[in-house]
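# An overview of the molecular structure
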Amino acid sequence: MGTPRDASRQYASADPLKVRIMTHRRYEERPIDLDAACAGIMQLADEASVLDVGTGPGGFLGYLRDRGHRGRLVGLDTSPAMLAEAERAWPDVTWVQGDVQSLAFGEGEFTWVTARHMLYHVPDLPRALGACARVGERFLAVTNSERSLPRIKELRQEMAARFGLAPREPSSFSAEDAPGILGSVFAVVRACTLENALVFSEPEPIAAYIASGFAPADVRAQPERYAEIRSWLTAQARRRLQELGGVWRDPKAVGVFACRR
Ligand SMILES: C[S@@+](CC[C@H](N)C(=O)[O-])C[C@H]1O[C@@H](n2cnc3c(N)ncnc32)[C@H](O)[C@@H]1O
(Lines give C-alpha, C1' and ligand atoms only; values in the text may rest on other atoms or scores of the structure.)
Protein backbone atom coordinates (compact mmCIF):
# COMPACT_ATOMS: atom_id res chain seq x y z
CA MET A 1 0.00 0.00 0.00
CA GLY A 2 2.19 2.84 -1.16
CA THR A 3 5.86 3.60 -1.29
CA PRO A 4 8.28 5.65 0.80
CA ARG A 5 8.11 8.38 -1.86
CA ASP A 6 4.40 9.12 -1.59
CA ALA A 7 3.91 8.42 2.15
CA SER A 8 4.16 11.99 3.42
CA ARG A 9 1.74 13.33 0.76
CA GLN A 10 -0.61 10.40 1.18
CA TYR A 11 -0.90 10.94 4.95
CA ALA A 12 -1.07 14.74 4.98
CA SER A 13 -4.77 14.23 5.82
CA ALA A 14 -6.24 11.39 7.90
CA ASP A 15 -9.40 11.11 5.74
CA PRO A 16 -8.19 8.79 2.93
CA LEU A 17 -6.77 6.30 5.45
CA LYS A 18 -10.05 6.41 7.36
CA VAL A 19 -11.89 5.47 4.12
CA ARG A 20 -9.65 2.40 3.77
CA ILE A 21 -10.01 1.39 7.42
CA MET A 22 -13.82 1.73 7.22
CA THR A 23 -13.94 -0.21 3.92
CA HIS A 24 -12.06 -3.12 5.48
CA ARG A 25 -14.32 -3.10 8.57
CA ARG A 26 -17.55 -2.84 6.63
CA TYR A 27 -16.90 -5.14 3.65
CA GLU A 28 -14.87 -7.93 5.26
CA GLU A 29 -16.26 -11.38 4.64
CA ARG A 30 -15.45 -12.55 8.18
CA PRO A 31 -15.34 -9.97 10.98
CA ILE A 32 -11.73 -10.29 12.14
CA ASP A 33 -10.76 -7.75 14.79
CA LEU A 34 -7.10 -7.03 14.01
CA ASP A 35 -6.66 -5.00 17.22
CA ALA A 36 -7.94 -7.93 19.28
CA ALA A 37 -5.76 -10.38 17.33
CA CYS A 38 -2.63 -8.28 18.00
CA ALA A 39 -3.49 -7.81 21.68
CA GLY A 40 -4.09 -11.57 21.97
CA ILE A 41 -0.64 -12.31 20.56
CA MET A 42 1.05 -9.69 22.77
CA GLN A 43 -0.58 -10.85 26.06
CA LEU A 44 0.22 -7.54 27.77
CA ALA A 45 0.78 -7.51 31.50
CA ASP A 46 -0.92 -4.58 33.33
CA GLU A 47 2.21 -2.42 33.53
CA ALA A 48 3.53 -3.25 30.02
CA SER A 49 4.47 -0.23 27.89
CA VAL A 50 3.80 0.00 24.14
CA LEU A 51 5.29 2.28 21.48
CA ASP A 52 3.17 2.15 18.28
CA VAL A 53 5.17 3.52 15.34
CA GLY A 54 3.27 4.82 12.30
CA THR A 55 0.27 4.94 14.62
CA GLY A 56 -1.99 6.79 12.12
CA PRO A 57 -5.26 7.92 13.78
CA GLY A 58 -4.23 5.94 16.88
CA GLY A 59 -6.82 3.16 16.79
CA PHE A 60 -4.65 0.37 18.19
CA LEU A 61 -3.48 2.23 21.30
CA GLY A 62 -7.02 3.60 21.71
CA TYR A 63 -8.28 0.01 21.62
CA LEU A 64 -5.84 -0.97 24.39
CA ARG A 65 -6.74 2.06 26.54
CA ASP A 66 -10.49 1.58 26.01
CA ARG A 67 -10.16 -2.02 27.21
CA GLY A 68 -8.48 -0.94 30.41
CA HIS A 69 -4.75 -1.21 29.71
CA ARG A 70 -3.11 1.18 32.18
CA GLY A 71 0.57 0.82 31.16
CA ARG A 72 2.40 3.61 29.29
CA LEU A 73 1.17 4.01 25.70
CA VAL A 74 3.04 6.16 23.15
CA GLY A 75 1.94 6.64 19.53
CA LEU A 76 4.49 8.00 17.03
CA ASP A 77 3.88 9.21 13.49
CA THR A 78 5.46 11.58 10.96
CA SER A 79 2.06 13.08 10.09
CA PRO A 80 0.72 15.94 12.27
CA ALA A 81 -2.79 15.39 10.83
CA MET A 82 -2.81 11.77 12.04
CA LEU A 83 -1.57 12.76 15.49
CA ALA A 84 -4.21 15.51 15.81
CA GLU A 85 -6.90 12.92 15.04
CA ALA A 86 -5.45 10.49 17.61
CA GLU A 87 -5.12 13.19 20.28
CA ARG A 88 -8.77 14.21 19.79
CA ALA A 89 -9.98 10.64 20.33
CA TRP A 90 -7.61 9.53 23.13
CA PRO A 91 -6.11 12.51 25.01
CA ASP A 92 -4.80 10.22 27.78
CA VAL A 93 -2.36 8.48 25.40
CA THR A 94 0.97 10.18 24.55
CA TRP A 95 1.21 11.14 20.86
CA VAL A 96 4.56 12.26 19.44
CA GLN A 97 5.71 13.37 16.04
CA GLY A 98 8.77 11.43 14.90
CA ASP A 99 10.31 9.08 12.37
CA VAL A 100 10.70 5.37 13.07
CA GLN A 101 14.18 5.52 11.51
CA SER A 102 15.53 7.58 14.41
CA LEU A 103 13.67 6.90 17.65
CA ALA A 104 14.57 9.26 20.50
CA PHE A 105 13.95 6.72 23.29
CA GLY A 106 16.25 4.78 25.58
CA GLU A 107 17.45 1.20 25.14
CA GLY A 108 14.68 -1.27 26.09
CA GLU A 109 12.39 1.56 27.21
CA PHE A 110 9.25 -0.23 25.97
CA THR A 111 7.94 -3.74 26.57
CA TRP A 112 6.63 -3.80 22.99
CA VAL A 113 7.14 -1.74 19.86
CA THR A 114 4.38 -2.26 17.30
CA ALA A 115 4.53 -1.32 13.59
CA ARG A 116 1.24 -2.00 11.87
CA HIS A 117 0.86 -1.47 8.14
CA MET A 118 3.64 1.10 8.00
CA LEU A 119 7.04 -0.55 7.36
CA TYR A 120 6.46 -0.58 3.58
CA HIS A 121 6.58 3.23 3.66
CA VAL A 122 9.99 3.46 5.33
CA PRO A 123 12.93 4.33 3.04
CA ASP A 124 15.62 2.68 5.23
CA LEU A 125 14.02 -0.48 6.60
CA PRO A 126 17.15 -1.97 8.30
CA ARG A 127 17.66 1.33 10.12
CA ALA A 128 14.02 1.45 11.26
CA LEU A 129 14.06 -2.16 12.45
CA GLY A 130 17.35 -1.56 14.27
CA ALA A 131 15.77 1.43 16.06
CA CYS A 132 12.68 -0.63 17.03
CA ALA A 133 14.87 -3.51 18.29
CA ARG A 134 16.90 -1.06 20.39
CA VAL A 135 14.01 0.67 22.19
CA GLY A 136 11.70 -2.36 22.65
CA GLU A 137 12.05 -5.75 24.31
CA ARG A 138 9.61 -7.22 21.80
CA PHE A 139 8.43 -6.20 18.37
CA LEU A 140 5.19 -6.79 16.48
CA ALA A 141 4.85 -6.07 12.76
CA VAL A 142 1.66 -6.29 10.67
CA THR A 143 1.60 -6.21 6.89
CA ASN A 144 -0.40 -7.32 3.86
CA SER A 145 0.19 -10.37 1.72
CA GLU A 146 1.17 -9.82 -1.93
CA ARG A 147 -1.82 -12.06 -2.71
CA SER A 148 -4.25 -9.49 -1.29
CA LEU A 149 -6.98 -7.78 -3.33
CA PRO A 150 -6.04 -8.92 -6.88
CA ARG A 151 -9.17 -7.43 -8.50
CA ILE A 152 -8.68 -4.05 -6.84
CA LYS A 153 -5.00 -4.05 -7.82
CA GLU A 154 -5.88 -4.88 -11.43
CA LEU A 155 -8.41 -2.04 -11.68
CA ARG A 156 -5.96 0.37 -10.01
CA GLN A 157 -3.26 -0.53 -12.57
CA GLU A 158 -5.70 -0.03 -15.46
CA MET A 159 -6.66 3.36 -14.03
CA ALA A 160 -2.98 4.33 -13.75
CA ALA A 161 -2.30 3.34 -17.38
CA ARG A 162 -5.41 5.10 -18.72
CA PHE A 163 -4.92 8.39 -16.85
CA GLY A 164 -1.10 8.56 -16.92
CA LEU A 165 -0.71 8.06 -13.16
CA ALA A 166 2.34 6.43 -11.62
CA PRO A 167 1.84 2.66 -11.33
CA ARG A 168 1.84 1.21 -7.83
CA GLU A 169 5.28 -0.17 -6.95
CA PRO A 170 5.54 -3.62 -5.33
CA SER A 171 5.55 -3.53 -1.52
CA SER A 172 9.01 -3.43 0.08
CA PHE A 173 7.66 -5.25 3.15
CA SER A 174 4.99 -7.81 2.27
CA ALA A 175 3.90 -10.72 4.47
CA GLU A 176 5.89 -12.98 2.13
CA ASP A 177 9.12 -10.93 2.56
CA ALA A 178 8.67 -10.23 6.28
CA PRO A 179 10.09 -13.45 7.82
CA GLY A 180 13.43 -13.02 6.00
CA ILE A 181 13.68 -9.27 6.66
CA LEU A 182 12.70 -9.56 10.35
CA GLY A 183 14.88 -12.68 10.79
CA SER A 184 17.96 -10.61 9.90
CA VAL A 185 17.32 -8.39 12.96
CA PHE A 186 15.44 -10.58 15.48
CA ALA A 187 16.45 -14.02 16.81
CA VAL A 188 12.84 -15.19 17.13
CA VAL A 189 10.06 -14.42 14.60
CA ARG A 190 6.65 -16.04 15.11
CA ALA A 191 4.22 -15.59 12.21
CA CYS A 192 0.45 -15.81 12.04
CA THR A 193 -1.64 -15.26 8.88
CA LEU A 194 -5.23 -14.00 8.94
CA GLU A 195 -7.09 -14.96 5.74
CA ASN A 196 -10.15 -12.98 4.74
CA ALA A 197 -11.75 -11.22 1.75
CA LEU A 198 -13.50 -8.00 0.85
CA VAL A 199 -16.92 -8.60 -0.65
CA PHE A 200 -18.76 -5.85 -2.55
CA SER A 201 -22.12 -5.78 -4.28
CA GLU A 202 -22.05 -2.04 -5.16
CA PRO A 203 -19.47 -0.19 -7.30
CA GLU A 204 -19.14 3.01 -5.20
CA PRO A 205 -17.17 1.58 -2.25
CA ILE A 206 -14.72 -0.06 -4.69
CA ALA A 207 -14.17 3.29 -6.45
CA ALA A 208 -13.87 5.11 -3.11
CA TYR A 209 -11.29 2.60 -1.84
CA ILE A 210 -9.09 2.96 -4.93
CA ALA A 211 -9.50 6.76 -5.02
CA SER A 212 -8.38 6.94 -1.37
CA GLY A 213 -4.88 6.07 -2.60
CA PHE A 214 -4.50 9.29 -4.63
CA ALA A 215 -1.84 11.58 -3.19
CA PRO A 216 -3.41 15.01 -2.45
CA ALA A 217 -0.67 16.84 -4.34
CA ASP A 218 -1.70 15.25 -7.61
CA VAL A 219 -5.21 13.99 -8.30
CA ARG A 220 -7.10 15.14 -5.20
CA ALA A 221 -5.98 18.73 -5.67
CA GLN A 222 -7.58 18.85 -9.13
CA PRO A 223 -11.36 18.55 -8.63
CA GLU A 224 -12.30 18.06 -12.30
CA ARG A 225 -9.67 15.41 -12.91
CA TYR A 226 -10.58 13.73 -9.62
CA ALA A 227 -14.28 13.63 -10.61
CA GLU A 228 -13.44 12.24 -14.07
CA ILE A 229 -11.26 9.43 -12.68
CA ARG A 230 -13.68 8.64 -9.87
CA SER A 231 -16.59 8.34 -12.28
CA TRP A 232 -14.51 6.12 -14.63
CA LEU A 233 -13.62 3.91 -11.63
CA THR A 234 -17.29 3.61 -10.64
CA ALA A 235 -18.33 2.69 -14.20
CA GLN A 236 -15.56 0.07 -14.46
CA ALA A 237 -16.41 -1.41 -11.07
CA ARG A 238 -20.10 -1.57 -12.06
CA ARG A 239 -19.27 -3.35 -15.33
CA ARG A 240 -17.06 -5.88 -13.58
CA LEU A 241 -19.62 -6.49 -10.87
CA GLN A 242 -22.14 -7.35 -13.59
CA GLU A 243 -19.63 -9.75 -15.22
CA LEU A 244 -19.13 -11.35 -11.80
CA GLY A 245 -22.84 -11.89 -11.28
CA GLY A 246 -23.20 -9.04 -8.78
CA VAL A 247 -20.61 -10.14 -6.21
CA TRP A 248 -17.03 -8.82 -6.26
CA ARG A 249 -15.01 -11.04 -3.90
CA ASP A 250 -11.37 -10.07 -3.40
CA PRO A 251 -9.32 -12.35 -1.13
CA LYS A 252 -6.85 -10.76 1.26
CA ALA A 253 -4.39 -11.94 3.90
CA VAL A 254 -2.59 -10.11 6.69
CA GLY A 255 0.62 -11.35 8.33
CA VAL A 256 1.23 -10.65 12.04
CA PHE A 257 4.83 -11.18 13.19
CA ALA A 258 5.84 -11.30 16.86
CA CYS A 259 9.61 -10.91 17.32
CA ARG A 260 12.24 -11.04 20.04
CA ARG A 261 15.93 -10.19 19.93
C1 LIG B 1 -1.25 2.76 6.51
S2 LIG B 1 -1.02 3.92 7.82
C3 LIG B 1 -1.17 2.79 9.21
C4 LIG B 1 -1.74 3.45 10.43
C5 LIG B 1 -1.99 2.51 11.62
N6 LIG B 1 -0.78 1.88 12.10
C7 LIG B 1 -3.01 1.47 11.27
O8 LIG B 1 -2.68 0.28 11.20
O9 LIG B 1 -4.17 1.87 11.04
C10 LIG B 1 0.74 4.27 7.81
C11 LIG B 1 1.14 5.35 8.81
O12 LIG B 1 2.57 5.36 8.90
C13 LIG B 1 3.01 6.71 8.98
N14 LIG B 1 4.43 6.75 8.55
C15 LIG B 1 4.92 6.61 7.30
N16 LIG B 1 6.27 6.67 7.31
C17 LIG B 1 6.64 6.83 8.61
C18 LIG B 1 7.90 6.94 9.28
N19 LIG B 1 9.04 6.92 8.58
N20 LIG B 1 7.92 7.08 10.63
C21 LIG B 1 6.74 7.13 11.33
N22 LIG B 1 5.53 7.04 10.75
C23 LIG B 1 5.47 6.89 9.41
C24 LIG B 1 2.04 7.46 8.08
O25 LIG B 1 2.02 8.86 8.35
C26 LIG B 1 0.73 6.76 8.41
O27 LIG B 1 0.05 7.38 9.46
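Notes on the structure in this doc start here. (Residues numbered from 1 in each chain as written. Predicted model: local features only at pLDDT ≥ 70, side-chain atom pairs only at ≥ 80, totals over all residues.)

### Some thoughts on the environment of C192
Heads up, the condition is: Helix and strand definitions here come from DSSP, where helices need a minimum of 4 consecutive H or I residues and strands a minimum of 2 consecutive E residues; each element is numbered from the N-terminal end. Our exposure labels follow a C-beta count within 10 Å of each residue's own C-beta, placed from the backbone: buried means 20 or more other C-beta atoms, exposed means 12 or fewer, and partly exposed covers the counts in between. Whether two residues are in contact is decided by their C-beta atoms, placed from the backbone, lying within 7 Å.
Inspection of the secondary structure assignment puts C192 in strand 6 (residues 188–200). According to the C-beta neighbour criterion, C192 is partly exposed, with 14 such atoms within 10 Å. Considering only alpha carbons, one finds C192 and A211, 19 residues apart in sequence, at a separation of 30 Å. When residues no more than four places from it in sequence are discounted, the contact partners of C192 are I41 and V256.

### Things to note about the site of the ligand
To be explicit about the condition: Here, nearness means that the C-beta atom of a residue, built from backbone geometry, sits within 6 Å of the molecule or strand in question. Nonpolar residues are Ala, Val, Leu, Ile, Met, Phe, Trp, Tyr, Cys and Pro. Charged residues are Asp, Glu, Lys and Arg, and all others, Gly as well, are polar.
The local shell around the ligand holds 23 residues, among which Y11, G54, G56, S79 and M118 are the closest. For the shell around the ligand, the elements supplying multiple residues, two or more each, are helix 2 (15–27) and strand 2 (73–77). In the shell around the ligand, the residues fall into 11 nonpolar, nine polar and three charged.

### Side note on the packing of helix 2 against helix 9 (residues 203–211)
Heads up, the condition is: To obtain an axis, a line is fitted to C-alpha atoms, over the contacting stretch when the element is a helix, and the angle between two such axes runs from 0 to 180 degrees between their N-to-C directions. By definition, turning the near helix anticlockwise from the far helix through less than a right angle yields a left-handed crossing, and turning it clockwise yields a right-handed one.
Interaxial distance between helix 2 and helix 9 falls to 9 Å at its minimum, and their mutual angle equals 145°. In this structure, helix 2 crosses over helix 9, and the sense of that crossing is left-handed. Every residue of helix 9 that contacts helix 2 at V19, R20, T23 and Y27 is listed here: P205, A208 and Y209. Broken down by class, the residue content of the contact of helix 2 with helix 9 amounts to five nonpolar, one polar and one charged.

### Regarding the packing of helix 3 (residues 34–42) against helix 4 (residues 59–66)
Short version of the rule: Any angle that falls under 35 degrees is termed roughly parallel, while one over 145 is termed roughly antiparallel, one within 65 to 115 roughly perpendicular, and all others oblique.
Where helix 3 meets helix 4, the axes come as close as 10 Å, and the angle between the chain directions of the two elements is 70°. When the axes of helix 3 and helix 4 are compared, the pair comes out roughly perpendicular. In this structure, helix 3 meets helix 4 at a crossing whose hand is right-handed. Counted together, D35, C38 and A39 of helix 3 and G59, F60, Y63 and L64 of helix 4 form the full contact between these two elements. Class assignment for the residues of the contact of helix 3 with helix 4 results in five nonpolar, one polar and one charged.

### Side note on the pairing of strand 3 (residues 94–97)
Here is the rule we go by: Think of it this way: DSSP has to see at least two bridges between two strands before they count as a pair. Look down the strands so they point away from you; if the path from the first strand over the helix to the second goes clockwise, the crossover is right-handed.
Where strand 2 lies against strand 3, four bridges are found, and the strand directions are parallel. Bridging across to strand 3, L76 finds its partner in V96. Handedness of the crossover joining strand 2 and strand 3 through helix 5 (residues 80–89): right-handed.

### Some thoughts on the environment of G75
Residue placement: G75 occurs in strand 2. Through-space distance from the C-alpha of G75 to that of L51 is 5.8 Å; in sequence the pair is 24 residues apart. Residues in contact with G75, not counting those within four places in the same chain, are D52, T55, G58, L61, A86, V93 and W95.

### Brief notes about unusual backbone geometry
A positive phi angle, close to 45°, is found at Q43, a residue other than glycine. Following the sequence through the fold, Q43 ends up in the loop between helix 3 and strand 1 (50–53). On the basis of neighbour count, Q43 is assigned to the exposed category, with 8 C-beta atoms found within 10 Å.

### Examining helix 5
Heads up, the rule is: Along the arc lie the directions from the helix axis toward the C-beta atoms.
Those residues of helix 5 not exposed but buried are M82, L83, E85 and A86. Relative to the axis of helix 5, the buried residues are bounded by an arc of 160° and lie together on one face. Turned more than 90 degrees away from the buried face of helix 5 sit P80, A84 and R88, all of them exposed. Structurally, helix 5 contributes buried residues whose contacts are with strand 2 and strand 3.

### What about the pairing of strand 5 (residues 136–144)?
Among the nine residues that make up strand 5, seven are buried, leaving the element largely enclosed by the rest of the structure. Looking at chain direction, strand 4 (residues 110–116) and strand 5 are connected through six bridges and run parallel. Paired with F110 across the bridge in strand 5 is G136. Note on the crossover from strand 4 through helix 6 (residues 125–135) to strand 5: the handedness is right-handed.

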